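Working through the structure, step by step
Take a look at the letters that make up each chain.
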Amino acid sequence: MNNHFREQAIDALADPQLRDNFRGAMDFLRAKRQSAFTDTEALKQLRALGHKIKANTLARLPDLLEQLEQNCLQNGIQVHWAETPEQACEVIHNIISAQNGQLAVKGKSMVSEEVGLNHYLEKRGIESLESDMGEYIVQLANETPSHIIMPAIHKSKEQIAHLFEDKIEGVDYTDNVDELIGTGRQILREKFSQADVGISGVNFAVAETGTLCLVENEGNGRMCTTVPSTHIAITGIEKVVATLDDIPPLLSLLTRSATGQNISTYFNMISSPRKTGEKDGPQSVHLVLLDNGRSRMYQDENLQQTLRCIRCGACMNHCPVYSRIGGHAYGTVYPGPIGQVVMPQIDGLDKQGEMTEGCSLNGACGEVCPVEIPLPNLIRKLREQKSAKPDGHALTPGAGSQRKPKEAFAWSLWQTLYGQPWLYRFVTKMATRLRHASPRAIGGWTRYRTAPKPAPKSLHELMSQRAEANQTDGASK
Ligand code: SF4
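Residue indices begin from 1 for each chain and proceed along its sequence in written order. Local features in this predicted model are restricted to residues whose pLDDT is 70 or higher, and side-chain atom pairs enter the listing and the counts only when it is 80 or higher, whereas totals over whole chains, interfaces and linings include all residues. With hydrogens and water set aside, each side-chain value is computed from the structure's full complement of heavy atoms.

Remarks on the confidence of the model for the protein
Note the following rule: Per residue, pLDDT captures the predictor's confidence, and it can take any value from 0 to 100. Working rule for contacts: check all heavy atoms of both residues, and any pair within 4.5 Å makes them a contact.
On average, residues of the protein score 93 in pLDDT, and 96% of them are at 70 or above. Residue range residues 392-401 is modelled with pLDDT below 50. Its contacts to residues more than four positions away, or to other chains, number 13 contacts.

Some thoughts on the site of the ligand
What counts here: Here a residue is near a molecule or strand as soon as one of its heavy atoms is found within 4 Å of it. The nonpolar class holds Ala, Val, Leu, Ile, Met, Phe, Trp, Tyr, Cys and Pro. Asp, Glu, Lys and Arg form the charged class, and all remaining residues, Gly among them, are polar.
The local shell around the ligand consists of Cys309, Ile310, Arg311, Cys312, Gly313, Cys315, Ile338, Cys369, Pro370, Val371, Ile373 and Leu375. Its residues assigned to classes, the shell around the ligand shows 10 nonpolar, 1 polar and 1 charged.

Quick notes on unusual backbone geometry
For the record, the criterion: For the purposes of this entry, the term helix denotes a DSSP run of H or I that reaches at least four residues, the term strand denotes a run of E that reaches at least two, and both are numbered from the N terminus.
Notably, Asn142 is not glycine yet its phi reads approximately 60°, a positive angle. As for its placement among the helices and strands, Asn142 is situated in the loop between helix 8 (133-140) and helix 9 (157-167). Even without glycine at this site, Glu372 takes up a positive phi of about 55°. In this structure, Glu372 sits in the loop between helix 18 (364-368) and helix 19 (375-387).

Some details on the packing of aromatic side chains
Stated precisely, the cut-off is as follows: Only Phe, Tyr and Trp rings are paired, with Trp represented by its six-membered ring, and only when their centres lie within 6.5 Å; those with planes under 30 degrees apart are stacked, over 60 edge-to-face, the remainder tilted. A positively charged side chain is recorded as over a ring if its NZ (Lys) or CZ (Arg) lies within 6 Å of the ring centre. The angle to the ring normal must also be within 35 degrees.
The tally for this structure, following the rule as stated, stands at 6 aromatic pairs. Chaining the aromatic ring pairs together yields one cluster made of Phe5, Phe22, Tyr322 and Tyr330. Positioned above the aromatic ring of Tyr120, the side-chain terminus of Arg124 is 3.5 Å from the ring centre.

Some points on the environment of Leu73
Locating Leu73 in the fold gives a position in helix 4 (residues 61-75). Put simply, Leu73 and His286 are 213 residues apart on the chain and 9.7 Å apart in space, counted from C-alpha to C-alpha. Not counting the four nearest positions on each side in its chain, Leu73 is found in contact with Gln78 and Val79.

Some thoughts on the sheet that holds strand 7 (residues 230-236)
Hydrogen bonds between backbone groups are what pair the strands of a sheet, and the pairing can be parallel or antiparallel. Applicable threshold: Two strands are counted as paired when DSSP detects at least two bridges linking them. Only the contacting stretch of a helix is used when fitting its axis, a line to C-alpha atoms as for every element, and angles between N-to-C directions run 0 to 180 degrees.
Spatially, 1-10-7-4-2-3 is the arrangement adopted by the 6 strands of the open sheet, whose pairing is parallel. Here the strands that pair on one side only, and so sit at the sheet edges, are strand 1 (77-82) and strand 3 (127-130). Averaged over all pairs of adjacent strands, the angle between strand axes in this sheet comes to 20°, irrespective of strand direction. Across 6 bridges, strand 1 lies against strand 10 (residues 284-290) in parallel orientation. Looking across to strand 10, one finds that Ala82 is bridged to Leu290.

Quick notes on the nonpolar core
Basically, it comes down to this: Buried Ala, Val, Leu, Ile, Met, Phe, Trp, Tyr and Cys residues that are joined via side-chain atoms within 4.5 Å together make up what is termed a nonpolar core. Partly exposed residues are those whose accessible area sits between 20% and 50% of the maximum for their type, while under 20% is buried and over 50% is exposed, using a 1.4 Å probe and protein chains only.
Grouped together as the largest cluster of nonpolar side chains are 99 residues, with contacts concentrated most on Ile96, Ile199, Phe204 and Leu287. Leave out the neighbours within four places in its chain, and Phe204 touches Thr211, Leu212, Cys213, Val215, Lys239, Val241, Ile247, Leu250, Leu251, Leu254 and Ile310. Counting residues in each nonpolar core, the second largest holds 21 residues, with Met133, Ile137, Ala161 and Cys224 among its members.

Side note on helix 8
The following threshold applies: Two N or O atoms count as a polar contact when they lie within 3.5 Å, although within protein this holds only if one can serve as hydrogen donor and the other as acceptor, and sequence-adjacent residues are included solely when both atoms are side-chain atoms.
Burial analysis of helix 8 places 7 of its 8 residues in the buried class, which makes it a mostly covered element. In this structure, the buried residues of helix 8 make contact with helix 6 (110-115), strand 3, helix 9 and helix 10 (177-194). Structurally, the start of helix 8 carries an N-cap: the backbone nitrogen of Gly134 is 3.1 Å from a side-chain oxygen of Asp132.

A closer look at the sheet that holds strand 8 (residues 240-241)
Here 4 strands make up an open sheet; going across it, the order is 8-5-6-9 and the pairing mixed. One side of each edge strand has no neighbouring strand; the edge strands of this open sheet are strand 8 and strand 9 (266-270).

What to know about helix 16 (residues 336-347)
Let me state the cut-off plainly: Here the expected length of a helix is defined as 1.5 Å per residue gap, with one fewer gap than residues.
Taking 1.5 Å per residue, 12 residues should reach 16 Å; helix 16 reaches 16 Å between its end C-alpha atoms and fits that length. For helix 16, the tally of buried residues reaches 11 of 12 residues, placing the bulk of the element in the interior. Buried residues of helix 16: Gly336, Pro337, Ile338, Gly339, Gln340, Val341, Val342, Met343, Pro344, Gln345 and Ile346, and no others. Gly348 occupies a position one or two residues after helix 16 and carries a positive phi of about 105°.

Shown next as structure tokens:
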């Protein structure tokens, strides 16, 4: 399916409630991150360490994946490889069917969103219930997450209150957040005890020990991975790390960048199914490792950097485009800057290339990324690839886009002006004098922006005036 980013972004901009919800949430998350990183030098060192750990991991990715598989098998965790979303869903469906399972409870997992797991299972008669509160709200509303960490961030508490009142039998309207969470918890608690299977994501998979690490705040992840008799973990192949020593810096970067917490409320380490004599834990544990285009990203020296992502969401929270239009406008599982880099590589530039244009290249995402992914460079590279697709419209250096004659003309004009200093001075002086006659609308550019107006004096004039004033001052002393 081709994405319609442009139309969806325009619709989002016209929704004042949505903009209000995002503005408040993004301000809050940015402030939380800032308060978690008060020492800029320490942050710099930690980011450099995070970058190094992930870069070293990528350099040994095939070996580490083999090591992870061997150690998981040794621990009694069954490992499944899935090249495509369909394969991942099929593997999970087969595991559930083998035990006649009817109900799966799910912890938060963006990879399960990526493969469309809920939909796949529901089509085959298996209920797949989200247990993360944000995901539960989104599932109840029949929507998709709008943020990778805070799935229901696009909704206000009043909207959630109406949703609960409409969709949950016997629940009256209340916008008291504690009561709303209490309602959700009560429903989910019963489901945990009835579920045949628990499904979770994985934040880090440790190759040297065969350990699956899960970061969460609500305790639902621990319930999913310990109460049902079977636990299925699904993750992308890039989530592997070499050693347990790699975890503390990455965990610190993840929680502080995502929610401003020094550490999350829960940090689960799963190294095997329940052992003899243990009081809880599943009888069997499965790990599904998904490729879905990641091997292809790995082939490109530059785009490979995408695989360093630890899915903290900070790039979205700081993106001026995302924070105005929200996640649904992108129409993809991963929105915002990381989505603009990941999705065109997974689905192809022909389907998702348009979203690379929803970026002002302001650089904020790259500056906050805890593992120093150069997101603006990668977005620009993908844009270039999109423009250079073999459709006969390659860019002509120095002449702007040949596809858009107006742009090409504007750039040639700019080139001529810049090449002739006297002409540049003359035109800028004239522009300052005629500033009141400058156009108020410049096509689509001014639909959401104010048209720029020339300053009352050009920079050259200001500098000449300053030089003259200095001379006069000097002469009078
Ligand atoms: S690209 Fe960086 S900032 Fe964005 S989600 Fe990934 S790790 Fe976080």
